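As a plain string of letters, each chain reads:
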There are 2 protein chains.
Amino acid sequence: MNALFKSLSDPTRREILQLLKDTDLTAGDIASHFDISKPSISHHLDLLKRSGLVSVRRDGQFLYYSINTTILEDLMQWVMNLKH
Amino acid sequence: MNALFKSLSDPTRREILQLLKDTDLTAGDIASHFDISKPSISHHLDLLKRSGLVSVRRDGQFLYYSINTTILEDLMQWVMNLKH
DNA sequence: TATATATTTAGATAAATATCTAAATATTAA
DNA sequence: TTAATATTTAGATATTTATCTAAATATATA
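Note that this is a predicted model, so its numbers are computed, not measured. (Residues numbered from 1 in each chain as written. Chains lettered and ligands numbered in written order. Predicted model: local features only at pLDDT ≥ 70, side-chain atom pairs only at ≥ 80, totals over all residues. Heavy atoms only, no water.)

**A word on unusual backbone geometry**
Where we set the bar: Per-residue accessibility, obtained with a 1.4 Å probe over protein chains only, is compared with the maximum for each type, and a residue is labelled buried under 20%, exposed over 50%, and partly exposed between these values.
We note that His84 of chain A has phi near 85°; this positive angle belongs to a residue other than glycine. Owing to a relative accessible area of 66%, His84 of chain A belongs among the exposed residues under this scheme.

Rendered as structure tokens:
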């Protein structure tokens, strides 16, 4: 749960999730949307992966990232619980 | 929105919110639940306040903190939007 | 097989954050 | 008005995090 919150606490990572909302993208596609180096984006993707917010599959040279909304249920539950 | 996510990214602050779920508490009451100095807790409370997650009222010498769940609607919306 | 492309990993650095102690402020009570 | 209590503010420090460049790994293609 901490990894999830930590993951969502960075604006770049939240924007990555927005990009992945509509379609799966390669690491390069994602990186090209930001004015940040590829290794940095790769690091953000790694954190998103570790927290369960994205998953990745290889297609040849490319790594396709996709959003995983299942884990967001936990967040919803946490929020609901806090609201009583 | 960033302040909200940042606020929720720290485990101590999330635990503070859990404490405030049931009842309003003074800064001292909150601090006594943790093995962290009062100034540090005061700092966490300040961040929670700035993000809109808690509000505070004075009663004599005491400052009572209470949870504000209204702002959590924004978070719910953000999550829902991400899920489409 | 050698080279090009896509991406990550490693290692360093700078910025942000959590924490501490000491001092300041606000209120109450003697 | 002085002393006690509650809490914050100030300033310093250590840890975490975001970022960078350079090097390594994986796959595809000439």
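**Regarding the relation of the copies chain B and chain A**
Our working rule: When the copies are overlaid, the least-squares fit takes in C-alpha atoms only where the residue has pLDDT of at least 70 in both copies. By the convention used here, residues are in contact when the closest approach between their heavy atoms is within 4.5 Å.
The transform that puts chain B on chain A rotates by 180° and translates by 0.0 Å along the axis, for an RMSD of 0.0 Å. In the structure described here, the two chain copies are related by an operation that fits a two-fold rotation axis. No C-alpha of chain B approaches the rotation axis more nearly than that of Ser9 of chain B, which lies at 3.0 Å. A share of 100% of interface residues in chain B that are also interface residues in chain A marks the association as one of identical surfaces.

**Digging into the interface of chain B and chain A**
Here is the rule: Put simply, a salt bridge is a Lys or Arg side-chain nitrogen that is within 4 Å of an Asp or Glu carboxyl oxygen. The secondary structure listing takes helices from DSSP runs of H or I that are at least 4 residues long and strands from runs of E that are at least 2 residues long, numbered from the N terminus. Gly falls in the polar group here, along with every residue not listed as nonpolar (Ala, Val, Leu, Ile, Met, Phe, Trp, Tyr, Cys, Pro) or charged (Asp, Glu, Lys, Arg).
Listed as interface residues are 25 residues of chain B and, on the opposing side, 25 residues of chain A. Applying the counting rule to chain B against chain A returns two salt bridges. Glu73 of chain B serves as the salt-bridge partner of Lys83 of chain A, at 2.2 Å between the closest nitrogen and oxygen. At the level of elements, α1 (2–8), α2 (11–22) and α5 (72–83) of chain B are the ones that each hand at least two residues to the side of chain B that touches chain A. Ranked by the residues each element gives to the side of chain B that touches chain A, the list is headed by α5 of chain B, at ten residues. Taken together, the residues of the side of chain B that touches chain A break down into twelve nonpolar, six polar and seven charged.

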